[in-house]
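Okay, here's what each chain looks like letter by letter:
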Amino acid sequence: MNTFSNAVEPLRLYEQLLLIRAYENAIVRGSTEGRIPGTCTSVGQEAAAVGAINALSADDLILTNHRSAGHLLARGADPGRMLAEVMGRRDGYCMGKSGSLHISVKELGVVLTTTIVGGELSLAPGVALAQTMQGRPGIVACFFGDGAACEGSFHESLNLAALWNLPVLYICENNQWQAFVHRREAMSRERVADWGAGYGIPVRTVDGNDVFAVLEATREAASQVRDTRRPALLEMTTYRTRGHFEPDDQGYVDKAELAAWLARDPIAICRDRLIAAGRLAPAADAELAARVDSRIATAVAFAAASPFPAVEELTLDVYA
Amino acid sequence: MNTFSNAVEPLRLYEQLLLIRAYENAIVRGSTEGRIPGTCTSVGQEAAAVGAINALSADDLILTNHRSAGHLLARGADPGRMLAEVMGRRDGYCMGKSGSLHISVKELGVVLTTTIVGGELSLAPGVALAQTMQGRPGIVACFFGDGAACEGSFHESLNLAALWNLPVLYICENNQWQAFVHRREAMSRERVADWGAGYGIPVRTVDGNDVFAVLEATREAASQVRDTRRPALLEMTTYRTRGHFEPDDQGYVDKAELAAWLARDPIAICRDRLIAAGRLAPAADAELAARVDSRIATAVAFAAASPFPAVEELTLDVYA
Amino acid sequence: MPTLTLNDAVGLALAEEMRRDHKVIAFGEGIATKRHELVTEFGALRVRNTPLAEGIIAGTAVGAAAGGLRPVADLLFAPFLCYAMDELVNSAGKLRYMSGGQFSFPLVTLAMTGAGWGIGAQHNHNIEAWFVHSPGLKVVMPSTPADARGLLKAAIRDDNPVVFLLDIGLLYQPGEVPHEADPMPLGQAATLRSGNDVSLISYGKTVHHCEQAAESLATEGITAEVIDLRSLKPLDEAAILATARKTGRVVVVHEANRLCGVGAEVAALLAEQAFTRLKAPVIRLGGPDAPVPSSFPLEQATVPQADAIAAAARRLSAPQPA
Amino acid sequence: MPTLTLNDAVGLALAEEMRRDHKVIAFGEGIATKRHELVTEFGALRVRNTPLAEGIIAGTAVGAAAGGLRPVADLLFAPFLCYAMDELVNSAGKLRYMSGGQFSFPLVTLAMTGAGWGIGAQHNHNIEAWFVHSPGLKVVMPSTPADARGLLKAAIRDDNPVVFLLDIGLLYQPGEVPHEADPMPLGQAATLRSGNDVSLISYGKTVHHCEQAAESLATEGITAEVIDLRSLKPLDEAAILATARKTGRVVVVHEANRLCGVGAEVAALLAEQAFTRLKAPVIRLGGPDAPVPSSFPLEQATVPQADAIAAAARRLSAPQPA
Ligand SMILES: Cc1ncc(C[n+]2csc(CCOP(=O)(O)OP(=O)(O)O)c2C)c(N)n1
Ligand SMILES: Cc1ncc(C[n+]2csc(CCOP(=O)(O)OP(=O)(O)O)c2C)c(N)n1
Ligand SMILES: [Mg+2]
Ligand SMILES: [Mg+2]
């Protein structure tokens with residue numbers, strides 16, 4: 001792959017994929033056992049998150065949504081504080097006020113995370129306007145789903161960003177599902193890119209399960225946005241291989257479709273490529289997995305030990 | 001023009017153009033003199049209304065907006081009852097509850113007129129769904145402006161209509177203005193058709209100031225919708241040659257642009273074509289104008305004589 | 001009597017009404033997936049999944065209602081109604097009136113609201129008062145499976161747009177549902193318990209907290225009358241005034257923000273029309289002026305609980321200062 | 001003192017704040033056209049026309065505010081806020097809290113509301129109570145040009161999202177505006193007239209109707225205290241309770257629908273906290289539960305006028321039945 005050679009630290013990307021998967025699996029286990037509230041996991045979509053986030057620079061700002069664990073972890077968020085937030089604890093990034101669906105981490109540039117589907121689209125132009133008018137270098141990466149692309153805010157946001165020359169990189173993770181509705185039942189076209197093309201901005205679709213392809217495509221799109229100070233749209237084709245919100249028996253999912261996508265697991269793809277390129281020996285792989293598992297175990301313990309907020313905090317931070 | 005020969009009664013179209021202009025001018029005069037409340041006139045856009053409405057059949061339903069006098073009159077609405085509505089009188093089509101901006105006339109198939117810009121777009125698919133599910137033959141023509149096309153409802157509506165195979169003919173009157181904002185300041189693209197192309201439906205742009213071209217294009221689009229039971233989008237390029245809402249000094253309007261469009265006045269274009277084709281003699285023209293003027297004079301008198309609703313009617317028709 | 005959850009009672013009412021009237025259709029984000037039995041019985045045209053776009057879902061319901069159908073639109077969680085306010089308020093609520101009565105809008109909007117799932121303020125926001133404040137709409141919020149079924153049937157048959165709110169905390173609570181399938185009229189409160197000393201007026205899950213409070217008050221010799229409003233619009237003003245005039249002491253309880261909530265309306269009504277019969281100030285117990293937090297103990301703390309209700313009732317029942 | 005219309009006072013406040021703080025920006029559908037002098041002074045980047053899309057206008061204000069600017073978004077008429085409810089309520093009002101205080105949202109939303117133009121219910125709908133009911137937002141509605149200027153300046157400097165409503169009927173009314181350019185604190189009601197017999201509490205154009213009513217009551221020997229709330233959130237509860245405790249008789253007046261309106265909140269507050277000091281029932285005068293009609297005489301009839309206010313005050317001042 002031409003993209004492969006450009007990846008500075010392919011093993012780091014691989015480790016992030018593993019970390020996200022391990023994190024999500026810990027939540028799945030915890031929620032089955034009633035220890036951790038259910039969430040929207042990003043299992044199956046790790047490559048889209050890791051490839052995209054690693055193509056951004058520290059100056060860039062990120063808006064994301066309910067399915068954000070991959071974005072946060074790839075950006076360097078602490079899984080312990082994330083889990084504490086999921087569990088509604090004091091040490092969560094949002095002091096337990098958010099829970100799993102809208103974790104913002106301002107210090108990492110992950111701003112205004114919202115679970116109103118389409119909400120991130122309506123906020124992104126303003127964040128980019130503030131960057132531009134205050135002469136800040138960073139661009140704004142706005143992650144959203146194929147479902148969000150069906151909301152009117154998609155149209156309003158792309159039109160405004162194109163019209164006002166705002167540096168927004170729209171990153172659509174088209175995972176074929178909108179909660180319990182298949183993309184086919186919701187979109188008149190197969191691709192969000194088909195809609196994006198109408199705004200006179202660069203639009204591209206990439207295989208969202210290939211972390212190296214995502215990295216490369218995002219780098220290219222991000223530098224286009226950075227250079228032109230105009231928006232671009234990047235669509236990542238991927239699949240939500242677990243249910244919408246844990247627990248979810250996926251009884252409504254077409255088994256053949258799921259199987260086909262499971263056969264294209266982003267972690268397996270990355271692993272195979274690293275092995276083929278001689279960059280990953282089985283022992284090293286096991287070591288990475290162990291390291292990741294122990295990080296997550298520590299994180300779970302940290303979160304579980306964190307206290308619930310005091311009832312007095314109920315009305316804290318409503319008004320500035 | 002190939003279209004010309006297809007027009008069943010070109011003189012009828014011409015008379016409608018005159019009627020609309022005379023109606024609007026009566027309002028302009030009346031509002032200057034304080035006798036009639038101000039409105040959004042359709043001056044300059046008469047051909048779009050007349051051409052489109054005359055291409056529809058009696059079964060078809062029409063949704064329109066604040067700038068609807070042309071649509072209503074071309075559909076056969078009584079100018080007296082329209083003016084009574086504008087003046088808030090009892091004999092208005094909506095018993096004075098609507099005023100000028102949202103006149104519906106159910107008996108003529110003009111349904112759910114709304115002045116929420118973009119509102120007609122959000123209602124049209126449902127109206128078409130009701131037609132379809134009840135096996136009614138008519139299609140739904142949804143008139144909206146370039147401004148409405150900037151609302152998120154544009155995207156949501158077109159996606160749903162395309163997805164559900166709803167017989168909606170979207171008719172955009174792109175008059176270059178969105179109240180006090182020029183289309184250039186509001187749209188990332190020049191044409192609404194550029195956006196429409198993303199939905200996988202037939203899209204076409206037509207000269208909105210040529211009533212024959214509009215008639216022909218609408219016939220074609222309407223029969224496409226009728227045959228396929230799928231939506232289509234027709235954009236009419238035209239210009240609002242008066243202000244947004246009377247009175248309006250148009251101080252913000254580019255004089256050269258306005259002059260260029262005034263030189264393409266839809267009534268003059270139609271008249272010239274009729275004369276050139278030997279269908280309109282000067283005497284007949286004067287006679288038509290006189291007939292129209294007298295209809296409007298009668299209408300103004302009717303409206304002015306109509307009483308205001310009784311205060312008891314204030315809470316009538318809130319609930320069914 | 002069969003026992004059903006509130007969620008299943010909604011499904012039952014939908015099925016019964018769809019069976020009865022072929023004009024009833026249902027659509028929303030996932031309704032065809034989650035209530036697949038309706039698709040099986042009524043077909044994929046009458047029960048549909050939609051794109052994720054609340055505005056057009058609601059708008060389509062409004063247009064379809066005006067066109068002669070009786071749509072039920074499932075908009076999932078109440079905060080998502082923020083994307084449908086224009087369609088519900090400016091179109092469904094106003095276009096009948098604005099057209100001089102030419103159209104009617106027989107549609108139902110379903111939405112879940114309230115504490116119980118711990119997923120935060122963008123899923124849990126009790127905004128029923130907005131719709132009470134808006135003309136042309138009716139608003140219903142049942143507290144039991146039986147009421148959910150009966151009221152939903154009435155809402156579907158009503159010729160006006162009805163915002164029908166389902167309390168998340170009650171959704172999977174079982175309750176008895178009678179065999180008879182009659183609709184229950186909108187606009188009638190239910191007296192769940194009679195009493196003479198104090199009235200506890202509520203709706204949704206806090207009705208049950210009022211009942212618990214009444215139980216414990218009874219052990220202290222205070223008899224509380226418990227009123228479940230059920231319909232928030234039309235509001236059963238007669239029932240509210242009757243209980244207030246009877247007991248002279250009223251606690252109004254709901255989960256929504258106190259400020260300009262339904263409790264404010266009830267208290268205002270009493271200050272206007274039961275003033276001379278009140279023996280003590282009205283007490284409102286409502287949620288704080290804060291978004292609802294995700295964290296479990298904080299979420300619980302936003303909801304008036306039985307203890308607080310009983311304490312308020314006790315305060316009112318104590319001798320009042322002159 | 002110079003005399004300005006309320007509309008010009010808004011322009012003046014905008015100019016003063018933009019001059020003072022380069023982070024203040026203004027955008028909306030036509031603001032650069034209608035307030036072109038701002039473009040001339042502050043440039044086309046700080047004062048912009050926008051696409052016709054309220055959701056993204058409000059959303060952009062929210063995003064820009066979180067990013068460090070102080071946007072003022074002109075959304076024209078209050079019913080159009082229906083397209084911006086998600087951005088205002090779910091984002092501006094909640095994301096500070098939901099993020100554990102990581103962000104603040106110093107933004108102002110301007111919208112016109114109320115009777116006076118006769119163009120019907122999709123332009124005239126008084127929905128201020130919705131925002132009072134929603135956490136995290138402040139709500140202001142001035143009744144004079146001087147207040148509009150002072151309060152708008154405070155709203156722009158406030159670190160919270162403020163919904164700033166302009167009464168259409170007052171927009172072109174002139175009034176004196178002081179030379180001093182100080183902001184007026186939000187959350188403080190104004191006592192426009194002192195009196196002992198009855199309190200008339202209002203905001204927006206009906207404040208003036210209360211003043212007229214007070215004039216005519218004075219000729220009958222009834223002295224009315226007139227309170228202009230000015231801020232609806234924070235609501236000056238202390239001022240409301242003080243006047244009620246002083247006079248013991250209260251008429252609350254506004255143009256919005258009575259049901260769950262701000263008047264309900266005021267009346268509820270009195271029923272809770274001034275009960276023992278009230279000498280008579282509270283009277284609410286508000287708009288009917290109907291969309292506002294376009295027809296002039298009907299539109300006027302939706303607004304509580306001085307006569308009706310004086311009549312209500314007289315009713316309260318008459319000896320009360322036991
Ligand atoms: C406005 C709104 N409508 C509905 C929901 C409920 N909901 C949460 S996630 C989701 C699916 C979103 O689909 P998509 O945008 O494709 O993201 P994905 O979940 O697939 O990552 C839905 C319907 C919501 N949170 N917000
Ligand atoms: C949702 C909404 N926003 C703003 C307005 C105010 N307004 C009325 S007409 C108009 C311009 C509409 O432009 P367009 O859709 O192009 O129609 P045109 O007036 O040009 O015919 C505006 C901004 C409105 N009525 N509704
Ligand atoms: Mg998806
Ligand atoms: Mg236009």
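See the structure printed just above.
Residues numbered from 1 in each chain as written. Chains lettered and ligands numbered in written order. Predicted model: local features only at pLDDT ≥ 70, side-chain atom pairs only at ≥ 80, totals over all residues. Heavy atoms only, no water.

(A) Looking closely at the overall build of chain A. On a plain count of helices and strands, chain A comes out with twelve helices and seven strands. Relative to the 2.2 N^0.38 estimate, which gives 20 Å for 320 residues, the radius of gyration of chain A is 19 Å and therefore close to what a compact globule would have. In terms of overall dimensions, chain A has C-alpha extents of about 55 × 50 × 40 Å along its principal axes. Considering only intrachain contacts with a sequence separation of at least 6, the fraction spanning at least 24 residues in chain A is 73%. For chain A, the accessible area works out to roughly 10,300 Å², and carbon and sulfur atoms hold 53% of it. Taking the average place of the 30 positive charges on the side chains of chain A and the average place of its 38 negative ones, the gap between the two points comes to 2 Å. (Helix = DSSP H or I, 4+ residues; strand = E, 2+ residues; numbered from the N terminus. Rg over C-alpha atoms; globule rule 2.2 N^0.38 Å. Contact = heavy atoms within 4.5 Å. Areas by Shrake-Rupley, 256 points an atom, 1.4 Å probe, with all protein chains shown as cover. Lys, Arg positive; Asp, Glu negative; His and termini not counted. Charge placed at Lys NZ, Arg CZ, Asp CG, Glu CD.)

(B) Focus on the overall build of chain C. Helices and strands together make up the secondary structure of chain C, namely 13 helices and 14 strands. For 322 residues, the compact-globule estimate of 2.2 N^0.38 gives 20 Å, and chain C sits close to it at 20 Å. Burial statistics for chain C: of 322 residues in total, 73% are counted as buried. Residue pairs at least 24 apart in sequence account for 80% of intrachain contacts in chain C once pairs closer than 6 positions are excluded. About 8,600 Å² of surface is accessible on chain C, with carbon and sulfur atoms providing 53% of the total. Each charge sign in chain C was given a centre, from 27 positive and 33 negative side chains, and these centres are 4 Å apart. (Buried < 20%, exposed > 50% of the residue type's maximum accessible area, 1.4 Å probe, protein only.)

(C) Molecular detail of the site of ligand 2. Taken together, the neighbourhood of ligand 2 is formed by 21 residues, with B:His66, B:Thr115, B:Gly147, B:Asn175 and D:Glu54 sitting nearest. At a separation of 2.7 Å, a nitrogen atom of ligand 2 approaches a polar backbone atom of B:Thr115. B:Asn175 is positioned with one of its side-chain polar atoms (N or O) 2.7 Å from an oxygen atom of ligand 2. Along the lines of polarity and charge, the residues of the shell around ligand 2 split into eight nonpolar, eight polar and five charged. (Near = heavy atom within 4 Å. Polar contact = N/O pair within 3.5 Å; in protein donor to acceptor, adjacent residues only side chain to side chain. Nonpolar A, V, L, I, M, F, W, Y, C, P; charged D, E, K, R; others polar.)

(D) Up close: the interface of chain B and chain A. Between chain B and chain A, the residue contacts involve 22 residues of the former and 22 residues of the latter. Taken over both partners, the interface formed by chain B and chain A buries close to 1,600 Å², and the fraction arising from carbon and sulfur atoms is 51%. Along the contact surface separating chain B from chain A lie zero salt bridges. The interface formed by chain B and chain A includes ten residue pairs in polar contact (both at pLDDT 80 or more). Of all the elements in the fold, those that place two or more residues in the side of chain B that touches chain A are helix 7 (152–163) and helix 8 (192–196) of chain B. In terms of residue count, helix 7 of chain B provides more of the side of chain B that touches chain A than any other element does, seven residues in total. Class assignment for the residues of the side of chain B that touches chain A results in ten nonpolar, six polar and six charged. (Buried area = accessible area lost by both parts, 1.4 Å probe. Salt bridge = Lys/Arg side-chain N within 4 Å of Asp/Glu carboxyl O.)

(E) Region of the structure containing empty space enclosed by the protein. One pass over the full model with this rule turns up twelve cavities of 30 Å³ or more. Approximately 220 Å³ is the volume found for the largest cavity. Around the largest cavity, the lining comprises 19 residues; the ones closest to its centre are A:Gly152, A:Glu156, B:Glu156, C:Tyr83 and D:Tyr83. Those elements that provide at least two residues to the lining of the largest cavity are helix 7 (152–163) of chain A, helix 7 of chain B together with helix 5 (85–92) of chain D. Looking at the lining of the largest cavity, its residues break down into six nonpolar, six polar and seven charged. (1 Å grid on protein atoms, 1.4 Å probe; cavity = no way out; pocket = protein on both sides within 12 Å on 5 of 7 lines; lining within 4 Å. Points joined across faces, edges and corners; volume = space filled by probe spheres on them.)

(F) The arrangement of the site of ligand 1 in detail. Taken together, 21 residues lie near ligand 1, and A:His66, A:Thr115, A:Gly147, A:Asn175 and C:Glu54 sit nearest. Nearby residues around ligand 1 are contributed by chains A and C. Within the backbone of A:Gly147, a nitrogen or oxygen atom sits 2.7 Å from an oxygen atom of ligand 1. Relative to its unbound accessible area of 570 Å², ligand 1 is 97% covered by the protein chains.

(G) Geometry of the coordination of the magnesium ion (ligand 4). Residues and elements named next belong to chain B. Those protein atoms acting as donors to the magnesium ion (ligand 4) are Asp146 (OD), Asn175 (OD1) and Trp177 (O), and they sit at 2.0 to 2.1 Å. All donor residues of the magnesium ion (ligand 4) come from one chain, and their arrangement in sequence is D-x28-N-x1-W. Residue Asp146 is found in the loop between strand 2 (140–145) and helix 7, and its partner Trp177 is found in strand 4 (residues 177–178); the two are separated by 31 residues along the sequence. Trp177 carries the same exposure label as Asp146, and that label is buried. (Donors = N, O, S within 2.8 Å, 3.2 Å for Na, K, Ca; no water.)

(H) Looking closely at the pairing of strand 14 (residues 283–287) of chain D. Residue and element names in this part refer to chain D. For strand 14, a buried count of four out of five residues is recorded, marking the element as mostly surrounded by other parts of the structure. Sheet analysis places strand 13 (residues 250–257) next to strand 14, joined by four bridges and oriented parallel. By the bridge assignment, Asn257 is partnered in strand 14 with Gly287. Note on the crossover from strand 13 through helix 11 (residues 262–273) to strand 14: the handedness is right-handed. (Pairing = 2+ DSSP bridges. Right-handed = clockwise from strand over helix to strand, strands pointing away.)

(I) Geometry of the packing of aromatic side chains. Applying the stated criterion across every chain, the model contains 26 aromatic pairs over all chains. Ring centres 5.3 Å apart and planes at 80 degrees place the aromatic pair A:Trp177 and A:Tyr252 in the edge-to-face group. With a gap of 75 residues between them, A:Trp177 in strand 4 (residues 177–178) and A:Tyr252 in the loop between strand 7 (232–237) and helix 10 (255–262) connect regions that are remote in the sequence. What makes A:Trp177 buried here is its relative accessible area of 7%. What links up through ring pairs into an aromatic cluster is the set A:Phe144, A:Phe154, A:Tyr170, A:Trp195, A:Tyr199, B:Phe144, B:Phe154, B:Tyr170, B:Trp195 and B:Tyr199. Geometry around D:Tyr97 places A:Lys97 over its ring, the cationic atom sitting 4.2 Å from the centre. If you follow D:Arg48 out to its NZ or CZ, it ends over the ring of A:Trp164, 4.3 Å from the centre. (Phe/Tyr/Trp six-rings, centres within 6.5 Å; stacked < 30°, edge-to-face > 60°. Lys NZ or Arg CZ within 6 Å of the ring centre and 35° of its normal.)

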